[in-house]
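Residues per chain, in single letters:
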Amino acid sequence: MQKILTPKYIEPRNLSSFQRILLTTDGTLTEILEAYLLEKIQLVKLSEEIIKTTKPIPALDLEVNTQVINRKVLLRGKISLNNFIYAESIIVPERLDSRFKSRLIESQEPIGRLWLEHKLETFKEIIDSGIETSEELFHYFNISKEDKMFSRTYRVFSNKQPIMMITEKFPQSYFIKDNERFIF
């Protein structure tokens, strides 16, 4: 855990137990959030476009001009309508099963649920974590522009090749009390 949380100086002792879980787990956040919040989580797609890379992406073994799906989403409580997680994904469509790729683009399902639905065997490797200002994301959450957000970035492998890189972010002020339900 210390290795995962040190790149951008996150002090693990300053985190709640649930914040540490969110930043270090290799499980899917959708199901973890549902268990913690006692609320179904829904996906809200902010954008999803097929683009060509303008620079190499070594974490995905990609060269310039490789086609990728650039996807930005929110994980939102289905009843409360609170946004809990912002996620950006870079997905390599040529490395995906065609049925999985179609569901990814056409559905409003979180990636983790699609992995389960398609029984996609995956390995996840956390490659970065940090704390940053909320800048462009504050308006999705009940926070100010100066508030901090935690983030983690991980690579997802299937068939021994990287198929996507996902960065997930949530406000530092979220999930702060242990043994209690969600606190804003």
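See above for the structure.
Now for a look at the structure at hand. For clarity, every value in this text was computed on a predicted model and none was experimentally measured. (Residues numbered from 1 in each chain as written. Predicted model: local features only at pLDDT ≥ 70, side-chain atom pairs only at ≥ 80, totals over all residues. Heavy atoms only, no water.)

1. Observations regarding the overall build of the protein chain
Then, number 1: What the protein chain contains, in helices and strands, is 5 helices and 6 strands.
Then, number 2: Along the chain direction, N to C, the helices and strands of the protein chain fall in the order α-α-α-β-β-β-α-α-β-β-β.
Then, number 3: Relative to its length of 184 residues, the protein chain is compact, with a C-alpha radius of gyration of 16 Å against a globular reference of 16 Å.
Then, number 4: When its C-alpha atoms are laid out on the principal axes, the protein chain stretches across 40 × 35 × 30 Å.
Then, number 5: Taking all 184 residues of the protein chain together, 47% fall into the buried category.
Then, number 6: In the protein chain, the share of contacts with a sequence separation of at least 24, taken over all contacts with a separation of at least 6, comes to 58%.
Then, number 7: As presented, the protein chain carries roughly 9,900 Å² of accessible surface, and 49% of it is formed by carbon and sulfur atoms.
Then, number 8: In the protein chain, 27 side chains carry a positive charge and 26 a negative one; their mean positions are 1 Å apart. (Helix = DSSP H or I, 4+ residues; strand = E, 2+ residues; numbered from the N terminus. Rg over C-alpha atoms; globule rule 2.2 N^0.38 Å. Buried < 20%, exposed > 50% of the residue type's maximum accessible area, 1.4 Å probe, protein only. Contact = heavy atoms within 4.5 Å. Areas by Shrake-Rupley, 256 points an atom, 1.4 Å probe, with all protein chains shown as cover. Lys, Arg positive; Asp, Glu negative; His and termini not counted. Charge placed at Lys NZ, Arg CZ, Asp CG, Glu CD.)

2. Section: the sheet that holds strand S3 (residues 83-91)
Then, number 1: Pairing within the open sheet is antiparallel, and its 6 strands lie in the order S1-S2-S3-S6-S5-S4. Pairing within the sheet leaves two strands with one partner each, and these edge strands are strand S1 (41-52) and strand S4 (123-133). When the angles between neighbouring strand axes are averaged without regard to direction, this sheet yields 15 degrees.
Then, number 2: Of the pairings in the sheet, the one linking strand S2 (residues 67-77) to S3 comprises 8 bridges and is antiparallel in character. (Pairing = 2+ DSSP bridges. Axes fitted to C-alpha atoms, helices over the stretch in contact; angles between N-to-C directions.)

3. Points about the nonpolar core
Generally speaking, soluble globular proteins have nonpolar side chains that are buried together.
Then, number 1: Within the largest apolar cluster, 28 residues are counted, with the highest numbers of intra-cluster contacts made by Leu22, Leu33, Phe141, Phe170 and Phe175.
Then, number 2: At 5 residues, the largest contribution of residues to this core is made by helix H3 (residues 29-37).
Then, number 3: Contact partners of leucine 33, with chain neighbours within four places excluded, come to Phe18, Leu22, Leu38, Ile41, Leu75, Phe84, Ile85 and Phe175. (Core = buried A, V, L, I, M, F, W, Y, C linked by side-chain atoms within 4.5 Å.)

4. Regarding the environment of glutamate 168
Then, number 1: Looking at the secondary structure, you find glutamate 168 in strand S6 (residues 161-171).
Then, number 2: Separated by 139 residues in the primary sequence, glutamate 168 and leucine 29 place their C-alpha atoms 9.2 Å from one another.
Then, number 3: When sequence neighbours within four positions are dropped, the list of residues in contact with glutamate 168 reads Leu29, Ile85, Tyr86, Ala87, Phe150, Ser151, Arg152 and Tyr154.
Then, number 4: A polar atom in the side chain of glutamate 168 sits 2.7 Å from the side chain of arginine 152.
Then, number 5: Only 3.1 Å separates the side chain of glutamate 168 from the side chain of tyrosine 154, close enough to count as a polar contact. (Polar contact = N/O pair within 3.5 Å; in protein donor to acceptor, adjacent residues only side chain to side chain.)

5. A word on helix H2 (residues 17-24)
Then, number 1: Three or more residues of H2 are buried, namely Phe18, Gln19, Leu22 and Leu23. Within H2, the buried residues cover an arc of 135 degrees as seen down the axis, which keeps them to one side. (Arc of directions from axis to C-beta.)

6. Remarks on the packing of H2 against H3
Then, number 1: At their nearest, the axes of H2 and H3 sit 10 Å apart, and the two run at 165 degrees to each other. Considering the angle they form, H2 stands roughly antiparallel to H3. In the packing of H2 onto H3, the handedness of the crossing is right-handed. Touching Phe18, Ile21 and Leu22 of H2 are Leu29, Ile32, Leu33 and Tyr36, all from H3.
Then, number 2: Across the contact of H2 with H3, the residue classes break down as 7 nonpolar, no polar and no charged. (Parallel < 35°, antiparallel > 145°, perpendicular 65-115°, else oblique. Left-handed = near helix turned anticlockwise from the far one by under 90°. Nonpolar A, V, L, I, M, F, W, Y, C, P; charged D, E, K, R; others polar.)

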